[in-house]
Amino acid sequence: MLAFLGGTGPEGKGLALRLAMAGEAVIIGSRDATRATTAAEELAQLATGVRIDGASNADAAQAADVVFLTFPYEGQRPTLEQLQEPLKGKVVVDVIAPMQFQRGRGASAVEVAAGSAAQEAQELLPDSLVVAAFQNASAEELQQPDTVMDGDVVVCSDHQEPKALVMELVRKIPQLRPVDGGSLANAKYVEQITPLLVNINRIYKIHAGIKIVGI
Ligand SMILES: NC(=O)c1ccc[n+]([C@@H]2O[C@H](COP(=O)([O-])OP(=O)(O)OC[C@H]3O[C@@H](n4cnc5c(N)ncnc54)[C@H](OP(=O)(O)O)[C@@H]3O)[C@@H](O)[C@H]2O)c1
């Protein structure tokens, strides 16, 4: 079972939809269980034969083996401080790219004392297995079930088996390719590509992704 905390937003919805279409049982989490149920029902309309439920973030975290963090960076510390217990021993996939928007300057990365959101998550959850992935995957494209994603997902972690598991999940989304990004310390560079992509999207009016050549 895969859970998407903050899965009522576009990124969590998109990833939940794609992985449900690949046959995974998924559960949308929210600070409000009713909002999660509504989002799950809406998503289930977009594809046939998918298993998508909704629950509070805490119940979703409890129910799942792999838990995706798909809420804004501001929510990371307060959310994870409350969920240390249900997340113990679990694979936690940090999708968060800490970003700010300034008038006239577009998107820019927010400095994180730990180095990256993913490293901060690992500090907050010492008994969980944090993997950083999907920070550059466009929510717009993920939410369109017929759109081919065509890009790379760089996967970083200090835990080898959980990293391999998340790379397998990437492969379940047609045309997305996992790239082993090494240790969790490298998540910083991946997270910081996202504000660049947001600015490129504005210039070209597209949903840009990334591709590593030469592999
Ligand atoms: N959008 C993209 O294209 C994209 C691409 C790559 C990575 N990401 C990353 O994915 C994450 C989610 O992106 P998004 O665009 O889906 O975000 P979002 O729409 O701003 O937020 C997603 C959900 O997070 C919950 N939330 C909002 N503020 C929160 C807080 N302070 N504490 C806890 N939960 C909160 C809300 O759900 P409830 O109110 O139901 O709890 C909201 O629906 C972000 O960290 C972003 O950097 C996004």
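Our structure is the block above this text.
Because the structure is a prediction, the values reported are computed rather than measured.

## Observations concerning helix α9 (residues 187-204)
Along its 18 residues, α9 runs 26 Å from first to last C-alpha, staying within 8% of the 26 Å computed at 1.5 Å per residue. Every buried residue of α9 is accounted for by Ala-187, Val-190, Glu-191, Thr-194, Pro-195, Leu-197 and Val-198. With its buried residues spanning 155 degrees around the axis, α9 presents them on a single face. For α9, the exposed residues lying more than 90 degrees away from the buried face are Tyr-189, Ile-203 and Tyr-204.

## Considering the site of the ligand
The immediate surroundings of the ligand are formed by 20 residues, with Thr-8, Ser-30, Arg-31, Arg-35 and Phe-71 found nearest. Between the ligand and Glu-11, the relevant distance is 3.0 Å, taken from an oxygen atom to a main-chain nitrogen or oxygen of the residue. Ala-97 is positioned with one of its backbone polar atoms (N or O) 3.1 Å from an oxygen atom of the ligand. Its residues placed into classes, the shell around the ligand shows nine nonpolar, eight polar and three charged.

## Here's the deal with the environment of Gly-9
Of note, Gly-9 is situated in the loop between β1 (2-5) and α1 (10-21). According to the relative accessible area criterion, Gly-9 is partly exposed, its value standing at 23%.

## Let's talk about the packing of aromatic side chains
Going through the model one piece at a time under the given rule, you end up with two aromatic pairs. Ring plane angle 20 degrees and centroid distance 4.5 Å describe the contact between Phe-4 and Phe-68, whose orientation is recorded as stacked. Taken as a pair, Phe-4 in strand β1 and Phe-68 in strand β4 (residues 66-69) lie far apart in primary sequence, 64 residues in all. Taken together, the aromatic side chains of Phe-4, Phe-68 and Phe-134 make up a single cluster linked through ring pairs.

## Overview of the pattern of salt bridges
Counted according to the given criterion, the structure contains 10 salt bridges. For Arg-77, the salt bridge identified is with Glu-81, shortest N-O distance 3.8 Å. Pair noted here: Arg-77 and Glu-81 are both in helix α4 (residues 76-82), with a separation of four residues, about one helical turn. Since its relative accessible area comes to 40%, Arg-77 is described here as partly exposed. Glu-81 gets classed as partly exposed once you look at its relative accessible area, which sits at 44%. Several salt bridges converge on common partners, so that one network encompasses Arg-77, Glu-81 and Glu-120.

## Side note on α1
In an α-helix there are 3.6 residues to a turn, and that puts residues three or four apart on one side. The terminal C-alpha atoms of α1 lie 16 Å apart, and with 12 residues this matches the ideal 16 Å at 1.5 Å per residue to within 8%. Counting buried residues along α1, 10 of its 12 residues qualify, which places the element largely inside the surrounding structure. Looking only at α1, the buried set comprises Glu-11, Gly-12, Lys-13, Gly-14, Leu-15, Ala-16, Leu-17, Arg-18, Leu-19 and Ala-20. After α1 finishes, the residue Gly-23 shows a positive phi value of roughly 105 degrees.

The rules behind the values
- Residues numbered from 1 in each chain as written.
- Predicted model: local features only at pLDDT ≥ 70, side-chain atom pairs only at ≥ 80, totals over all residues.
- Heavy atoms only, no water.
- Helix = DSSP H or I, 4+ residues; strand = E, 2+ residues; numbered from the N terminus.
- Expected span 1.5 Å × (residues − 1).
- Buried < 20%, exposed > 50% of the residue type's maximum accessible area, 1.4 Å probe, protein only.
- Arc of directions from axis to C-beta.
- Near = heavy atom within 4 Å.
- Polar contact = N/O pair within 3.5 Å; in protein donor to acceptor, adjacent residues only side chain to side chain.
- Nonpolar A, V, L, I, M, F, W, Y, C, P; charged D, E, K, R; others polar.
- Phe/Tyr/Trp six-rings, centres within 6.5 Å; stacked < 30°, edge-to-face > 60°.
- Salt bridge = Lys/Arg side-chain N within 4 Å of Asp/Glu carboxyl O.

Fair warning: the whole summary comes from geometry, so function is off the table for now.
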